[in-house]
Amino acid sequence: MYDVLIIGGGVTGAAISRELSRYHLKIALLEKEAELAFGVSKSNSGIIHPGTQNPPDSLKGKLCVQGNKLTRKLAKELGVHFEEVGELIVIFKEEEMAQLQKIKQDAETLGVGGLRIVDRQWLRENEPNLNPDALAALYAPTAGIISPYRWVYDLAENAAKNGVEIFLEHKVTSITKDGKNLRLNVSVSSGEEPRSSFAGSERTFLARYVINAAGLFADEVARMAGITDFVIKPRKGEEFLLDKKREHIVNHIIFPLPTPT
Ligand SMILES: Cc1cc2nc3c(=O)[nH]c(=O)nc-3n(C[C@H](O)[C@H](O)[C@H](O)COP(=O)(O)OP(=O)(O)OC[C@H]3O[C@@H](n4cnc5c(N)ncnc54)[C@H](O)[C@@H]3O)c2cc1C
């Protein structure tokens, strides 16, 4: 029996469990994979976005700006390496300047600080390997980078130190009401080398509150609780990961001007 059960051990579940571990609550984090961060949180670009490229009235934009500030605070508290490298959105044609100005204006409305348009000369001096045809860029100094997997582990380890119980290879399969509480049926994976004495079995967890932090499966988990008003349609992309020896090719996070797609 728990006060709070958190479903999903990605960055969202880890951050929530760390925050709630400040309180006198019995909390558990349930993750279906063999390790934390094995969902999307293991394979992202590690950018702590400044808040540019979001509509000025969007919740995502507002949370992004807040999240950027909060990440610095949390990184300091947990001793995580956060590097404020800054971001450049680069244009190549004069006619793209209006779009760049619009991105700047929208971001300023959201409260992104320190934005400025830098010219070709600035780019030559600060990004010598950039295509010399680059005309200008929007510079957002508050953008930073962090190790995404380390980040999840630092948050979760701190939560665990504060008493949060972490269960790996625990997949929530159903949520039902049990009086005032919620009953979660959990299937425990046997894995190739079972580490748990519950390997290959079913377990039941009871909780006063359940938090859905199941990432791309959040709609599936919501449906277990009878919530059917949203569907996640994930898309796959590809990224190139360069050797660490190449890390000094650029000094900033570099984006092209966004297109509709
Ligand atoms: C290629 C790529 C690049 C990205 N780059 C960036 C970036 O630079 N900066 C940025 O801010 N964001 C970036 N993102 C987005 C970012 O990675 C995600 O928004 C973030 O990781 C989502 O975290 P999460 O905890 O919500 O989900 P996840 O990390 O997916 O965690 C959800 C967890 O829930 C678990 N789970 C699911 N169902 C169940 C169940 N039934 N029972 C138990 N556990 C369950 C999953 O196994 C998973 O571990 C990028 C995404 C991609 C794909």
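Nothing here was measured: the structure is a model prediction, and the numbers come from that model.

**Comments concerning the sheet that holds strand S2 (residues 27-30)**
Item 1. The six strands lie next to each other as S8-S2-S1-S11-S10-S9, forming an open sheet whose pairing is mixed. Each end of this open sheet is capped by a strand with a single partner; those strands are strand S8 (165-167) and strand S9 (170-178). On average, each strand axis in the sheet is tilted by 40 degrees relative to the strand beside it, whichever way the strands run.
Item 2. Examined bridge by bridge, strand S1 (residues 2-7) and S2 share four bridges and lie parallel to one another. By the bridge assignment for S2, Val4 is matched with Ile27.

**Regarding the site of the ligand**
Item 1. The environment of the ligand is made up of 31 residues, and the closest members are Gly8, Gly10, Gly39, Asn44 and Gly215.
Item 2. Among the elements of the structure, helix H1 (11-20) and S9 are those that each provide at least two residues to the shell around the ligand.
Item 3. Here the residues of the shell around the ligand are counted per class, giving twelve nonpolar, 14 polar and five charged.
Item 4. Among the domains, domain 1 (2-45 + 148-224) and domain 2 (47-146 + 236-256) are the pair contributing at least three residues each to the shell around the ligand.

**So, the environment of Leu30**
Item 1. When you line up the elements, Leu30 lands in strand S2.
Item 2. Here Leu30 falls in the buried class, since 26 other C-beta atoms lie within 10 Å of it.
Item 3. In sequence terms Leu30 and Leu168 are 138 residues apart; their C-alpha atoms lie 6.3 Å from each other.

**Comments concerning the pairing of strand S10 (residues 181-188)**
Item 1. The pairing of S9 with S10 spans eight bridges and is classified as antiparallel. Pairing of Val172 across the sheet is with Val186, part of S10.
Item 2. With antiparallel pairing between neighbouring strands as the criterion, S9 and S10 make up a hairpin whose turn holds two residues, including Gly179 at a positive phi of roughly 65 degrees.
Item 3. Where S10 lies against strand S11 (residues 202-212), six bridges are found, and the strand directions are antiparallel. Within S11, the residue paired with Leu182 across the bridge is Ala207.

**What about the domain arrangement of the chain?**
Item 1. With domains assigned, the chain is organised as domain 1 (2-45 + 148-224) and domain 2 (47-146 + 236-256).
Item 2. If you look at the interface, domain 1 gives six residues, while domain 2 gives five residues.
Item 3. Residue classes in the side of domain 1 that touches domain 2 are distributed as two nonpolar, two polar and two charged.

**Points about the environment of Lys102**
Item 1. For Lys102, the position within the fold is in helix H3 (residues 97-110).
Item 2. In sequence terms Lys102 and Leu123 are 21 residues apart; their C-alpha atoms lie 20 Å from each other.

**So, the nonpolar core**
Item 1. Membership of the largest hydrophobic core comes to 50 residues, with the highest contact counts inside it found for Leu5, Ile6, Ile7, Ala14, Ala137, Val152 and Leu184.
Item 2. Of the domains in this structure, domain 1 (2-45 + 148-224) and domain 2 (47-146 + 236-256) are the two that each give at least three residues to this core.
Item 3. Those residues in contact with Ala14 that sit more than four places away from it in its chain are Gly9, Leu36, Val152, Leu155, Ala156 and Ala159.

Rules behind the numbers
- Residues numbered from 1 in each chain as written.
- Predicted model: local features only at pLDDT ≥ 70, side-chain atom pairs only at ≥ 80, totals over all residues.
- Pairing = 2+ DSSP bridges.
- Helix = DSSP H or I, 4+ residues; strand = E, 2+ residues; numbered from the N terminus.
- Axes fitted to C-alpha atoms, helices over the stretch in contact; angles between N-to-C directions.
- Near = placed C-beta within 6 Å.
- Nonpolar A, V, L, I, M, F, W, Y, C, P; charged D, E, K, R; others polar.
- Domains from an automatic or database assignment.
- Buried ≥ 20, exposed ≤ 12 C-beta atoms within 10 Å, placed from the backbone.
- Contact = placed C-beta atoms within 7 Å.
- Core = buried A, V, L, I, M, F, W, Y, C linked by C-beta atoms within 7 Å.

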